[in-house]
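Structural overview
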Amino acid sequence: MSKNEVRVRFAPSPTGPLHIGGVRTALYNYLFARKNNGKFLLRIEDTDQNRLINGAEKYIIDSLKWCKIQVDEGVSVGGEFGPYKQSERKDVYKKYVFDLIKNNKAYYAFDSNEELNTMRSNLKKEGKAAPQYNSISRSRMKNSLTLSKKEVEERLRRGDKYVIRILIPRNQEIKFKDEIRGWVSVNSNNLDDKVLYKSDGMPTYHLANVVDDYLMKISHVIRGEEWLPSAPLHILLYQYLGWENKTPTFAHLPLILKPDGKGKLSKRDGAKYGFPVFPISWDQNDKSFIGYKEFGFSPDAFNNMLALLGWNPGNENEIFNMNELIENFSLKKVNKSGAKFDFKKTVWFNEQHLKKMSGEEIIENFDSSLLKSFSREYLVSVANLIKERAKFVNEVEVEGKYFFSKPKIYDEKLIKKKWNDDNKFLIKEILFEITNIEVFSANNISKCFNDFLNKKNLNFGEIMPILRVIVSGIKFGPPLNEIFFLLGKKEVISRIKFALNNL
RNA sequence: GGUCCGUUCGUCUAGUGGUUAGGACUCAUGGUUUUCAUCCAUGCAACAGGGGUUCGAUUCCCCUACGGACUACCA
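The structure reproduced in this document is the subject of the present report. Source: prediction; values computed, not measured. (Residues numbered from 1 in each chain as written. Chains lettered and ligands numbered in written order. Predicted model: local features only at pLDDT ≥ 70, side-chain atom pairs only at ≥ 80, totals over all residues. Heavy atoms only, no water.)

Focus on the protein's contact with RNA strand B
Taken together, 61 residues form the shell around RNA strand B, and within it Arg181, Asn312, Glu318, Arg389 and Phe460 come nearest. Sugar plus phosphate, as a fraction of atoms of RNA strand B within 4 Å of the protein: 71%. Side-chain polar atom of aspartate 48 to a sugar or linking oxygen of RNA strand B: 3.1 Å apart, as the coordinates give it. The contact in question runs from a base oxygen of RNA strand B to an N or O atom on the side chain of serine 199, over 2.7 Å. When residues of the surface near RNA strand B are traced back to their parent elements, those giving at least two are α4 (113–125), β5 (163–166), β7 (182–187), β14 (339–340), α12 (343–356) and α20 (460–472). In terms of residues, the surface near RNA strand B owes the most to one element, α12, which gives 5 residues. In terms of residue class, the surface near RNA strand B is made up of 20 nonpolar, 15 polar and 26 charged. (Near = heavy atom within 4 Å. Polar contact = N/O pair within 3.5 Å; in protein donor to acceptor, adjacent residues only side chain to side chain. Helix = DSSP H or I, 4+ residues; strand = E, 2+ residues; numbered from the N terminus. Nonpolar A, V, L, I, M, F, W, Y, C, P; charged D, E, K, R; others polar.)

Overview of the nonpolar core
Counting residues in each nonpolar core, the largest one holds 58 residues, and the members touching the most others are Phe40, Ile69, Tyr292, Phe302 and Phe341. Those residues in contact with phenylalanine 302, other than ones at most four positions away along the chain, are Ile20, Val23, Trp66, Cys67, Pro279 and Tyr292. Ile363, Leu426, Ile434 and Ile496 belong to the second largest nonpolar core, which has 53 residues in total. (Core = buried A, V, L, I, M, F, W, Y, C linked by side-chain atoms within 4.5 Å. Buried < 20%, exposed > 50% of the residue type's maximum accessible area, 1.4 Å probe, protein only. Contact = heavy atoms within 4.5 Å.)

A word on the layout of surface pockets
Within this model, the largest pocket holds a volume of roughly 1,200 Å³. Lining the largest pocket are 39 residues, and of these Pro12, Ser13, Glu226, Trp227 and Lys264 sit closest to its centre. Contributing elements (two or more residues each) for the lining of the largest pocket: β1 (7–10), α1 (20–35), α6 (205–215) and β9 (220–224). Grouping the constituent residues of the lining of the largest pocket by class yields 14 nonpolar, 13 polar and 12 charged. Only α2 (56–66), α9 (292–295), α10 (299–308), α12 and α16 (393–399) provide two or more residues apiece to the lining of the second largest pocket. Counting residues per element, the lining of the second largest pocket draws most heavily on α16, which supplies 3 residues. (1 Å grid on protein atoms, 1.4 Å probe; cavity = no way out; pocket = protein on both sides within 12 Å on 5 of 7 lines; lining within 4 Å. Points joined across faces, edges and corners; volume = space filled by probe spheres on them.)

Structural notes on the packing of α10 against α12
At a minimum axis distance of 8 Å, the contact between α10 and α12 shows a crossing angle of 135°. When the interaxial angle is binned, α10 and α12 end up oblique. Crossing hand, α10 versus α12: right-handed. Taking contact as the criterion, the partners of Asp300, Ala301, Asn304, Met305 and Leu308 in α10 are, on α12, Thr346, Phe349, Asn350 and His353. (Axes fitted to C-alpha atoms, helices over the stretch in contact; angles between N-to-C directions. Parallel < 35°, antiparallel > 145°, perpendicular 65-115°, else oblique. Left-handed = near helix turned anticlockwise from the far one by under 90°.)

Written out as structure tokens, the structure is:
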């Protein structure tokens, strides 16, 4: 590994299905890694054992796979800096947290939940808006800074529960340069002595992510804006651990907001606004959510939409496949402000990608029974014909169903209105003309239609819609001559005869 | 409440110390398609407000307003 190699990580916590905000973070990390010939790691941050959800880790891996975001190193693929799951790295964190204690950068705290609550409510009563465990309040709490050395040792010896808190310095400006936002500066008086190490022997996110990022040689931390307020704490931790020169570059991404702009998009918003918020479906216990995949979106369209929500290429192109996204991606072109989610535009992206998909690609999504019953050539032709007027891949099969079987139902309104004796007679006549077409090509069929209409002095609208309906069952679709051509002469004649005899 | 971050058409966004402030989605209208969809054309529509700095600010600075994130032994 070269010294300046770009190494980024996506580090979700397996507390449920990953929603599109998380996927976008993963995507930006991935694009950045590929663009810079770097590595993309997947790390599972499962330090909160209480919130683990069964199947969430698998869901994350499956989601990335569907999005074509390839993991170079991480839980699913391994790598030289593993393990990549924090619950399997407990011993690693222990070492560093005790180093911090030794160097007076952290301390033991023995306060119970009740005592913490009391402290907070007292501070509130005193008019403190944000009650913190900080340089002031810690002097009134039970910790290794207030207790005698002997008592601390005694408590530790007898196995009292404790947490380890970081010792935040007084009145110190902590600043760092964010790739997206520029310099961000916070006074340490606004930080509290965050817990680094929990009483269950697990580190908190703050400690674990800093230690892991350092050990895994992460060069850029690209994550959501919700982490911006705790970034100074992380910066301080790098200093405390003596890794100042190894501090990664930070980039805090703008959030994806609800369509009405009130807050960040959440897992529950899918039901509320009527669009998927998850990449693939999630089905567990009483909870079930449809995914973009199952809704009929293509991964390319999904990525394209996500990428453009907060980033732009600097020109007016909007449609990109993964390689093009990689080619064009830059952190410098990521916006600062949150983006409200717009499902209509998302659908438009899918439509654009569907039109670019080849018939071959589209039929991969067809039901396997169709692939068995029809030739690939036929299915590809159908797909190419239908895709022009579909928005989703899974619509193609449905819209073109009359290519796979005779219509079972016919447009009721039109039949009622137009299927009269005069028109039946005309259909019989046109059937005769169709039967006489020697080479059954789209062009010849079209010519046959036109000649017939001219001869009879009819407008297209007078007879063709009914012809369309008796052959395909529905009023709209691709040009009729194209449909006839694909169906073949024999099938067309048979369908028309069937209608004449049975409708 | 406190801290931090943000603010260009309804939405996603481009952009610059001097522009008719550009594109895309949506919507509307017209054209092509005998249907539907596509496609094409046209239209609607924005620099949050107030102070500075400047010959000149949408652009730079400050304030206000508004919005968001965070404020746990959650990540």
